[in-house]
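# Secondary and tertiary structure notes
Given next are the chains, with one letter for each unit.
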Amino acid sequence: MNRLQDIFSFSEDVPLIFTQADFWIFFAIIYFIYALLYRQKSLRSAYLFAISLLFYYKTSGLFIGILLFSTVNDFFIGKAIHHTASKALQKALVAISVTVNLLTLCYFKYAYFFTESYNSLFDTDLKVLNYLGMWANGVASTDYFTVDTIILPVGISFYTFQTISYSVDIYRKQLKPLNSIIDFGFFVSFFPQLVAGPIVRASDFIPQIRKDISITKEEFGSATFMILKGLIKKMLFADFIAMNFMDRVFDMPEMFSGFTNIMAMIGYSLQIYGDFSGYTDIAIGLALLMGFHLPMNFNSPYKAIHCGDFWKRWHISLSSWLKDYLYIPIGGNRNGTVFSYVFVLLFTFLGCFAAFGYAVAFFIAVGFAVLLIITLFSKRLAWHFNRNINIMITMLIGGLWHGASWKFVVWGGLNGLGVVAYKYWRRISPYEHSTLWIATLWKITFTFIFITFTRIYFRGNSMEHIDRFYQAILTNMDWGNALNVLWEYRIVFLVMLLGYITHWLPYATKDWLQEQFTKSHIVVKGLVAVLIAIICYQTYAADFQPFIYFQF
């Protein structure tokens, strides 16, 4: 009874994580009740909305208020957009929705980033204060919220983008507003994907809310397969190799050889894939068990043959969201906008200032300004400039979405350069249209190496920490001890090899495995589930490993 009380009440020490037994006890109880009432549509929405709020409360406590604020705000703005005939007023309402959502996100996620950047630029010493926390403490006559620290609510980046898509889709006439705030709250807070995606478009999910639900045997099998696959990815291919090898290397890279650091980076590419795609696999499976379809978020990203292809396979829901709600509105591959030019000048200056100081930042910014003026007299140059600038802006913002730090901006910028560079390379590449397996292997290998080594900016704790990592590689490769390293961590490297082999299996093989599991007898499914549970238990750590994307 005490354990059930812990599961259904807020406690920072007992979070609901997909990889812990408490979550599955929680899900078994709420799923049993769901099975009794899922045919009653209004009751179903209300129940899942309530359960989702409880789940988020278990994860974030009173930050549930931010989620409810976004829900109420965009529900009424969406209705106002639909019922307003004036195009100007519709645009104003959309602007209000986007502005309020982004300001809320910026307050919680980017207050320190903007303050530190301002202090560096103007040599000031401003401090961040949690004014919202101070106000909340005053209203509630409590000291629950800290006033000297702004804590990032879990999942705010995900549900903020979802609510923005709702208002914009209504404005674009792609969607009619919901009449029930309960239905809308269910869309915003649906617990399987609430805290780490995938980002669900309103136009994709809302039509499912009022549909009749009938879960077939095939769907049940597919859902179970996705959940088991996600657990293996997370607990074996992510947590096991991180705890037994990578974390200790990344903590002190200078204490290990360059070869060991390189192997850690290769392992990190598998870890972050297993961690994030494992979460979304479980989320998709859980949603399917309840009769709802979430979008695919990963498509074997390490099979990508160039950087642009990678971003069509990795975190697909974010990449497609940025394309449709940012890249195309600011001009896409055709036009530039005032936003494009101001953004690139500002970020070029700030980025160069952070890295090289005032002088270099000033001259590079002036160079961009001169180039921009030249484009006024050359349509062809303007086309190249605008397309590439819009790509870079999208990738830079994508990097900043992942984290409030210049290292994430650098990471996004490097990926943007990778996308732009390929667009020109393919024009002269001698093997661009080759169907030979060796050409494809080379493209995949080169793309994987590029993606892997840009990820040090994703994984590193700071720019100083990243410098230490690169110094270890450049100054101390120590090839003589490479075999000793491989032997010392042989179990970890075997797991890594297994992870990459399963990732690079042909699609037909993966589809066949899923089909065989789906068609198998319930006893076979149970035995497979028990076997995977045993494997996961053997790799389980006493200290739970949160999903990496919880911090975004």
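Everything below is about the structure printed above this text.
Rules of the game
- Residues numbered from 1 in each chain as written.
- Predicted model: local features only at pLDDT ≥ 70, side-chain atom pairs only at ≥ 80, totals over all residues.
- Heavy atoms only, no water.
- Helix = DSSP H or I, 4+ residues; strand = E, 2+ residues; numbered from the N terminus.
- Buried < 20%, exposed > 50% of the residue type's maximum accessible area, 1.4 Å probe, protein only.
- Areas by Shrake-Rupley, 256 points an atom, 1.4 Å probe, with all protein chains shown as cover.
- Lys, Arg positive; Asp, Glu negative; His and termini not counted.
- Charge placed at Lys NZ, Arg CZ, Asp CG, Glu CD.
- Salt bridge = Lys/Arg side-chain N within 4 Å of Asp/Glu carboxyl O.
- Core = buried A, V, L, I, M, F, W, Y, C linked by side-chain atoms within 4.5 Å.

## Observations regarding the overall build of the protein chain
Along its length, the protein chain carries 24 helices and zero strands. Each of the three principal axes of the protein chain carries a C-alpha extent, and together these read 70 × 65 × 55 Å. Each of the 552 residues in the protein chain was classed as buried or not, and the buried ones make up 53%. Entry remark: accessible area of the protein chain is about 26300 Å², with carbon and sulfur atoms responsible for 67%. Distance from the positive charge centre (41 side chains) to the negative charge centre (32 side chains) of the protein chain: 14 Å.

## Notes on the pattern of salt bridges
Pairs can form between side chains of opposite charge whenever their charged atoms are close. If you walk through the whole model with that rule in mind, you get eleven salt bridges. Among the salt bridges present, the one from Asp-281 reaches Lys-233, with a minimum N-O distance of 2.7 Å. Of this pair, Asp-281 sits in helix α11 (residues 258-289) while Lys-233 is found in helix α10 (residues 217-251), placing the two residues 48 residues apart along the sequence. For the pair Asp-281 and Lys-233, one class covers both residues: buried. Between Glu-515 and Lys-519 there is a salt bridge, with the nearest N and O atoms lying 2.7 Å from each other. Of this pair, Glu-515 and Lys-519 both sit in helix α23 (residues 507-519), four residues apart, roughly one helical turn. Where salt bridges share partners, they join Lys-234, Asp-239 and Asp-275 into one cluster.

## A short note on the nonpolar core
One recurring pattern in soluble globular proteins: nonpolar side chains tend to sit buried together. Ranked by internal contacts, the top residues of the largest apolar core, which has 151 residues, are Phe-187 and Phe-292. Here this core takes 18 residues from α11, the largest share from any one element. Listed in part, the five residues of the second largest apolar core include Leu-121, Cys-352, Phe-353 and Ala-361.

It is worth stressing that arrangement in space is one thing and function is another; only the former is reported here.
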